[in-house]
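Structural features, examined
Now for the letters of each chain:
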Protein chains: 2
Amino acid sequence: MTTETTSGKLVRTQGVTAPLGFRAAGLAAGIKASGKPDLALVLNEGPEYAAAGVFTRNQVKAAPVLWSQQVLSSGRLRAVILNSGGANACTGPGGFQDTHQTAEELAKVLSNWGAETGAGEIAVCSTGLIGDRLPMDKLLPAITEIVHEMGGGISGGTDAAHAIMTTDTVPKEVAFHHRDKWNVGGMAKGAGMLAPSLATMLVVLTTDAVATAEQLDSALRKATRLTFDRLDVDGSCSTNDTVLLLANGASAVTPSQEELDAAVLAVCDDLAAQLMADAEGVTKRVRVFVKGAADEDEALIAARAIARDSLVKTALFGSDPNWGRVLAAVGIAPITLDANRISVSFNGNPVCVDSVGAPGARQVDLSGADIDVLVELNVGSGEAMVRTTDLSHGYVEENSAYSS
Amino acid sequence: MTTETTSGKLVRTQGVTAPLGFRAAGLAAGIKASGKPDLALVLNEGPEYAAAGVFTRNQVKAAPVLWSQQVLSSGRLRAVILNSGGANACTGPGGFQDTHQTAEELAKVLSNWGAETGAGEIAVCSTGLIGDRLPMDKLLPAITEIVHEMGGGISGGTDAAHAIMTTDTVPKEVAFHHRDKWNVGGMAKGAGMLAPSLATMLVVLTTDAVATAEQLDSALRKATRLTFDRLDVDGSCSTNDTVLLLANGASAVTPSQEELDAAVLAVCDDLAAQLMADAEGVTKRVRVFVKGAADEDEALIAARAIARDSLVKTALFGSDPNWGRVLAAVGIAPITLDANRISVSFNGNPVCVDSVGAPGARQVDLSGADIDVLVELNVGSGEAMVRTTDLSHGYVEENSAYSS
């Protein structure tokens, strides 16, 4: 899929290796019992190594999150190593030592291979079941193998995108090619604020633009605030969520902050849409728009309250235009409301006007896979959109049938 | 079921007519398409008419809630009329007029029957689908009928408990007989903070103790805070939730505030347990205990966060001792935590000690219907308990298959 914009084009068949000067690989290290790919590597070949990251807001943070936050304080990254098959969360000091040793081993192998690297320049990401130690006897030998497998082409990025999947059914990749000849690429897995099965959201973004760590940090925070932070399948938030952005300046183009912001936002927005579409058990892709709130913060609180409401979500699973549940959900949100001036529409059909049902409201057809819910509060001009899904039998099945 | 306590006994075969001087009735007025009972009445025969109420915190309040709040400002109630089959919420000024007219009609019929009553002494409660007007052509004539059907015995209370059911599978009644010869009775339906299908929690409590409206209010607020407010199936909160307590002094016994508090708490606690056991789609009855929080408020926030977490609830449905999801849920709660000192046990079996998995944690048997989750935060001495349920296929089915 290719989408043209005024400043460039978005392509879904390419990911982290679309920008110049990045290599990646993915392989099966034997961490997953299934034998599926479970180890991924992204290497920045320079000439620059600026980087930024955002991490889970959960107070219970996995060992790789604690490690990578510490590493990122330098604003510099040479490589990211990611594993699926185990979250390495709630594993105590031994688990932190495993993460440290993973970075040390990768630094040693990369340096031997010719890319002089310190462990303090390597971010580590993990995803999988909380509470179990990683099988280091399998992980460590695989590090030599994955460094030797790294390719500079598009296929390396796709292999990496496969290797970070847990309950994902498809890999998620996208690249933005700016008309001024610089690029942003990205891959994602699972879910962040969505957290189906706590299948942690991991995202790695790369760019060959020239940018400082501060510029990257600014672009990344603006983009995640509007995209991954507004993707809410079940209100959960993993111990391992990580989004990283690496820049190497290989294109020799220095975009303005605005251009960088826009490109990073476009890539994050597309990856967020891909995550929503592949969320566990999803049968409906839902966007909740709130307008007319006191301010943007209150619009977001309201949109999230609706997106998280189990009764709204089960109604949408049943294609039931049950707008009363939307009003009940927004009514319990701690925001400024005029309880008599709330209006709701589903896919553009008004179902409730000034807090009273509209004619034909019960007959609105929501049988399609895409549902837009618009709630107008009529108290101000704040607005926000949150992406969510329905609450289906598939969600219950995937999250109850096995530990994940 | 009868439970003896040091101060009296709790009996589940009696309800609002267990105390002296209360009559009740229930019948089918034709509001429900199914033809099942849908109209209930509770009458206080005096000699006193003190009353108190607590109502939904939802900003979107149904017409009967707005009406009953207004009526209760006098601290006096002669009667409560309740209907299932329609919430009369989001029905505009016309819906409020319907509630008003219901109270006027009941006042007229009661006065003709010999119990001089004004509309301003009558509380109205409704439950059912949001957004539709009530069929007043069926409701109004049934008021004469129900006044004439009222019985003074236990059966009237049971008929009333049946008539307020929506998706409930059994009526909920209980009575507390104090050894000093005064009584508290109660009936409940549906759910409050649980709100499955927004099947609103309606509770009417009666007592023949001598008590002022202020004493009733104090006892009721203390009891609901510890019982109905801590029953949380899906975090939703209906537009119609109402809990009323009526006292007539017919026993001529004046209990102390402490005795009144204890009796009202015992009745509310038992009704809350009955509501949990009959929640939609429930296959597990779950109690989440949090200890060692900074204070009681923070313990409650943590317990609620766990009780509302879809991933915890689906794991419990699957009898899966997935303690990592409990840690992830508590970690996102906005409270004081030491992320390395959290311990969890399921039904008394330690599964996580100081934030690390305990030996045998994955083998703990949760196949029974009752699951106690204990989380120790080790930062203070605050504690709280919240009742909840699992998230099952039955829940999804009941809430997606039809408008309710």
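Quick notes on the rules
Residues numbered from 1 in each chain as written. Chains lettered and ligands numbered in written order. Predicted model: local features only at pLDDT ≥ 70, side-chain atom pairs only at ≥ 80, totals over all residues. Heavy atoms only, no water. UniProt positions renumbered as here; feature names shortened; annotations may be inferred. Salt bridge = Lys/Arg side-chain N within 4 Å of Asp/Glu carboxyl O. Helix = DSSP H or I, 4+ residues; strand = E, 2+ residues; numbered from the N terminus. Buried < 20%, exposed > 50% of the residue type's maximum accessible area, 1.4 Å probe, protein only. Pairing = 2+ DSSP bridges. Expected span 1.5 Å × (residues − 1). Contact = heavy atoms within 4.5 Å. Least-squares fit on C-alpha atoms with pLDDT ≥ 70 in both.

With an unreviewed UniProt entry as reference, chain A is termed Arginine biosynthesis bifunctional protein ArgJ, source organism Nocardia goodfellowii. The Function (unreviewed entry) comment attached to chain A in UniProt states, word for word, "Catalyzes two activities which are involved in the cyclic version of arginine biosynthesis: the synthesis of N-acetylglutamate from glutamate and acetyl-CoA as the acetyl donor, and of ornithine by transacetylation between N(2)-acetylornithine and glutamate."

This paragraph deals with the pattern of salt bridges. Per the counting criterion, the structure on display carries 34 salt bridges over all chains. In this structure, arginine 76 of chain A engages glutamate 121 of chain A in a salt bridge whose closest nitrogen and oxygen atoms are separated by 2.7 Å. Of this pair, arginine 76 of chain A sits in the loop between α1 (63-72) and β6 (79-84) while glutamate 121 of chain A sits in the loop between α2 (92-113) and β7 (122-127), and the two are 45 residues apart along the sequence. Residue glutamate 121 of chain A is classed as buried on the basis of its relative accessible area of 15%. For aspartate 168 of chain B, the salt bridge identified is with lysine 172 of chain B, shortest N-O distance 2.7 Å. The pair aspartate 168 of chain B / lysine 172 of chain B is uniform in exposure class, with both members buried.

Residue and element names in this part refer to chain A. Of the consecutive residues glycine 46 and proline 47, the connecting peptide bond is found in the cis state with omega at 15°. Non-glycine residue asparagine 88 carries a positive phi angle of around 50°. When you line up the elements, asparagine 88 lands in the loop between β6 and α2. In this model, serine 319 sits at a positive phi of 55°, which is unusual for a non-glycine residue.

This part takes up the sheet that holds strand β12 (residues 285-293) of chain B. Residue and element names in this part refer to chain B. In spatial order, the strands read β15-β14-β13-β16-β12-β17; together these six strands make up an open sheet with mixed pairing. One side of each edge strand has no neighbouring strand; the edge strands of this open sheet are β15 (356-357) and β17 (382-389). Two elements, strand β14 (residues 349-353) and β15, share two bridges in a ladder whose sense is antiparallel. Note that in β15 the partner of cysteine 352 across the bridge is glycine 357.

Because an α-helix completes one turn every 3.6 residues, residues spaced three or four positions apart along the sequence face the same direction. All names here are of chain A. The end-to-end C-alpha distance of α2 is 32 Å, a good match for the 32 Å that 22 residues give at a rise of 1.5 Å each. Within α2, burial applies to Gly95, Asp98, Thr99, Thr102, Ala103, Glu105, Leu106, Ala107, Val109, Leu110 and Ser111. As for α2, its buried residues are in contact with β4 (39-44), α1, β6, β7 and α3 (136-149). Two residues or fewer past α2, glycine 114 is found with a positive phi of approximately 120°.

Once that is clear, we can look at the UniProt feature "active site" (unreviewed entry) in chain A. Residues and elements named next belong to chain A. UniProt's feature table lists "active site" (unreviewed entry) at Thr200, given in the numbering used throughout. Its location among the elements puts threonine 200 in the loop between β9 (183-189) and β10 (202-207). Assessed through its relative accessible area of 1%, threonine 200 is described here as buried.

Here chain A sits on chain B after a turn of 180° about the axis and a move of 0.0 Å along it, with an RMSD of 0.0 Å. The transformation just described matches what one would write down for a two-fold rotation axis. For chain A, the minimum C-alpha distance to the rotation axis belongs to histidine 393 of chain A and amounts to 2.9 Å. Interface residue correspondence from chain A to chain B reaches 100%, placing this contact among same-surface, isologous pairings.

It is worth spelling out the environment of cysteine 125 of chain A at this point. Residues and elements named next belong to chain A. Note that cysteine 125 resides in strand β7. When the C-alpha positions of cysteine 125 and aspartate 365 are compared, they lie 43 Å apart, and in sequence the two are 240 residues distant. What cysteine 125 contacts, discounting residues up to four positions off in sequence, is Pro64, Val80, Ile81, Leu82, Asn83, Leu202, Thr242 and Leu244.

Attention now goes to the pairing of strand β4 (residues 39-44) of chain B. Residues and elements named next belong to chain B. Most of β4 is tucked away, with six of its six residues classed as buried. Residues Leu39, Leu41 and Leu43 line one face of β4 and the alternating positions Ala40, Val42 and Asn44 line the opposite face, and both faces are buried. As paired elements, strand β3 (residues 22-27) and β4 share six bridges and run antiparallel to each other. Bridge pairing in β4 links glycine 26 to alanine 40.

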